[in-house]
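# Descriptive structure summary
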Amino acid sequence: MSRYSRSSSSRPFYRVKIINGIQPSLTSENGTTTNENTNEFDEIQNPRLLNTLNWSPFENPVSYKSSPPVNEENETKSKNGYNAVQISIELQKKMLNVKAMFIDPSGRLVNYRRLRASNVYNDLCEMAHRLTTISLENVTENERKTFFINLFNVLTIHGIASVNELPKSVLDLNQFWKITSYKVGTYFYSLDDIEHGILRGNKPHSNCTQRHFTFNDPRARYAMRRCDPRIHFALNSGARSCPQIAIYSSTNLEKALNMATTSYCNAEVDIVLENAEVRLSKLFLWYKNDFGRSETEVLRWIAKYIDEPKQSLLKTLLDRQGSKDGLRISYKIFDWMVNHHDNPMPVTDSTPTTSN
């Protein structure tokens, strides 16, 4: 049964066992699946169960034993495969429709209930299904970064919209970022895989010390060569304190990331000169090492992305102290409430336009 023929069920996803991004189907010569040596295999490879929104286990499961080697030139391509750049453009168009009809003017709140009941949601599901046919070969790092930023935001919206009862907090969705996933080409990617494994350059999660992808994980070859801290202000994880939801294009990615970073920093960084205090979003606490080796380096990084008069105030504090000594840094409460709104849909032109 197709995933899309039962989107209104109580379980609008397939739970798939994944090892290093691949479904470990152990197939015998007669075509039947066997669990022989499964326990030993699992202990070695550390499998995970993912909730996959765009793929059914009945759709040509990939055998772990026949999985492609790490060499990118040998990546398996499906028939009629799409290049990631083509799908990235499709993602942008679908997101423009979602943004116009279901995201409020602030760019942060989504009407998930109306989205779920709309034809736009069905289009989103169909587009997600096509992700299984793409190849990430011959895609530049800039195009890959654009693709995965948009993919993260689409998967977040799709994942929250797919639940039958919206929770009050995104934290109430058990292991949401760890298990909510899409199959992209040969491999499966959860939200955590996209953020930490790909976009942060395979750096450890904020509460972990090991790299996200292991040395033998074939998805690691798609990771960014370095972590661009600005991606934190392009990714929306479904909480009210998250950055605005935007649509990114590879042709203007640098400018768009600068704008997203400046917008978030201006809104979330407060300077209290008389108390020598800087109040920051907890994103700068959780991912401090992405912005600098010390709190002083983090503040100097922030200074590049805030407007006057905040920029001068922050530089004054840094210059006056000579270091962070005597300068107090505090972190704001992060609002994990689901970024849902119930406002009526605006009347808009249904023809999307792609921003350049």
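Our subject in this report is the structure included herewith. (Residues numbered from 1 in each chain as written. Predicted model: local features only at pLDDT ≥ 70, side-chain atom pairs only at ≥ 80, totals over all residues. Heavy atoms only, no water.)

To continue, consider the overall build of the protein chain. Helix and strand counts for the protein chain stand at twelve helices and nine strands. A total of 356 residues make up the protein chain; the buried ones form 52% of that total. A separation of at least 24 residues holds for 75% of the contacts in the protein chain among residues at least 6 apart in sequence. Within the structure as shown, the protein chain displays about 17200 Å² of accessible surface, and the carbon and sulfur contribution to it stands at 47%. (Helix = DSSP H or I, 4+ residues; strand = E, 2+ residues; numbered from the N terminus. Buried < 20%, exposed > 50% of the residue type's maximum accessible area, 1.4 Å probe, protein only. Contact = heavy atoms within 4.5 Å. Areas by Shrake-Rupley, 256 points an atom, 1.4 Å probe, with all protein chains shown as cover.)

Attention now goes to the sheet that holds strand E7 (residues 270-272). Within a beta sheet, neighbouring strands are joined by backbone hydrogen bonds and run either parallel or antiparallel to one another. Ordered in space as E7-E8-E9, the three strands form an open sheet in which the pairing is mixed. Pairing within the sheet leaves two strands with one partner each, and these edge strands are E7 and strand E9 (328-331). For this sheet, the mean inter-axis angle between neighbouring strands, taken without regard to orientation, is 20 degrees. For E7 and strand E8 (residues 277-280), the ladder comprises three bridges, and the chain directions are antiparallel. (Pairing = 2+ DSSP bridges. Axes fitted to C-alpha atoms, helices over the stretch in contact; angles between N-to-C directions.)

With that settled, the discussion passes to the packing of helix H2 (residues 84-102) against helix H5 (residues 141-161). Contact geometry for H2 and H5: axes closest at 9 Å, N-to-C directions at 40 degrees. It follows from the interaxial angle that H2 and H5 lie oblique. Pair H2 / H5 crosses with left-handed handedness. From H2, Ala84, Val85, Ile87, Ser88, Leu91, Gln92, Met95 and Val98 reach across to H5, where they touch Glu143, Thr146, Phe147, Asn150, Leu151, Val154 and Ile157. Taken together, the residues of the contact of H2 with H5 sort by class into ten nonpolar, four polar and one charged. (Parallel < 35°, antiparallel > 145°, perpendicular 65-115°, else oblique. Left-handed = near helix turned anticlockwise from the far one by under 90°. Nonpolar A, V, L, I, M, F, W, Y, C, P; charged D, E, K, R; others polar.)

To continue, consider the pairing of strand E6 (residues 187-190). Neither face of E6 is left uncovered, since the one carrying Tyr187 and Tyr189 and the one carrying Phe188 and Ser190 both have all their residues buried. Inspection of the sheet shows strand E5 (residues 180-184) paired to E6 by four bridges, in the antiparallel sense. Paired with Ser181 across the bridge in E6 is Ser190. Where E5 folds back on E6, the antiparallel hairpin that results is connected by two residues, among which Gly185 adopts a positive phi of roughly 65 degrees.

Considered as a void within the structure, the second largest pocket measures approximately 400 Å³ in volume. Every residue lining the second largest pocket is counted, 22 residues in all, and those nearest its centre are Gln244, Ala246, Tyr248, Ala256 and Met259. Of all the elements in the fold, those that place two or more residues in the lining of the second largest pocket are H2 and helix H8 (253-268). Looking at which element gives the most residues to the lining of the second largest pocket, the answer is H8, with six residues. Residue composition of the lining of the second largest pocket, grouped by class: eleven nonpolar, eight polar and three charged. (1 Å grid on protein atoms, 1.4 Å probe; cavity = no way out; pocket = protein on both sides within 12 Å on 5 of 7 lines; lining within 4 Å. Points joined across faces, edges and corners; volume = space filled by probe spheres on them.)

The next thing to look at is the nonpolar core. With 86 residues, the main nonpolar core has Phe147, Phe284 and Ile302 as its most contacted residues. Ranked by residue count, the leading element in this core is H5, at ten residues. Excluding its chain neighbours within four sequence positions, the residues that come into contact with Phe147 are Ala84, Ile87, Ser88, Leu91, Leu131, Ile134, Leu136 and Val184. (Core = buried A, V, L, I, M, F, W, Y, C linked by side-chain atoms within 4.5 Å.)

This brings us to unusual backbone geometry. Geometrically, the link from Glu308 to Pro309 is a cis peptide bond, its omega value of 5 degrees lying close to zero. Along the chain, Pro309 falls in the loop between helix H11 (295-303) and helix H12 (310-321). A positive phi angle, near 55 degrees, is found at Gln175, a position not held by glycine. Inspection of the secondary structure puts Gln175 in the loop between H5 and helix H6 (176-179).

So, on to the side chain of Ser118. Considering the arrangement of structural elements, one finds Ser118 in the loop between helix H3 (112-116) and helix H4 (119-130). A distance of 2.7 Å separates a polar side-chain atom of Ser118 from the backbone oxygen of Leu115. (Polar contact = N/O pair within 3.5 Å; in protein donor to acceptor, adjacent residues only side chain to side chain.)

Distances and angles like these do not, on their own, reveal function.
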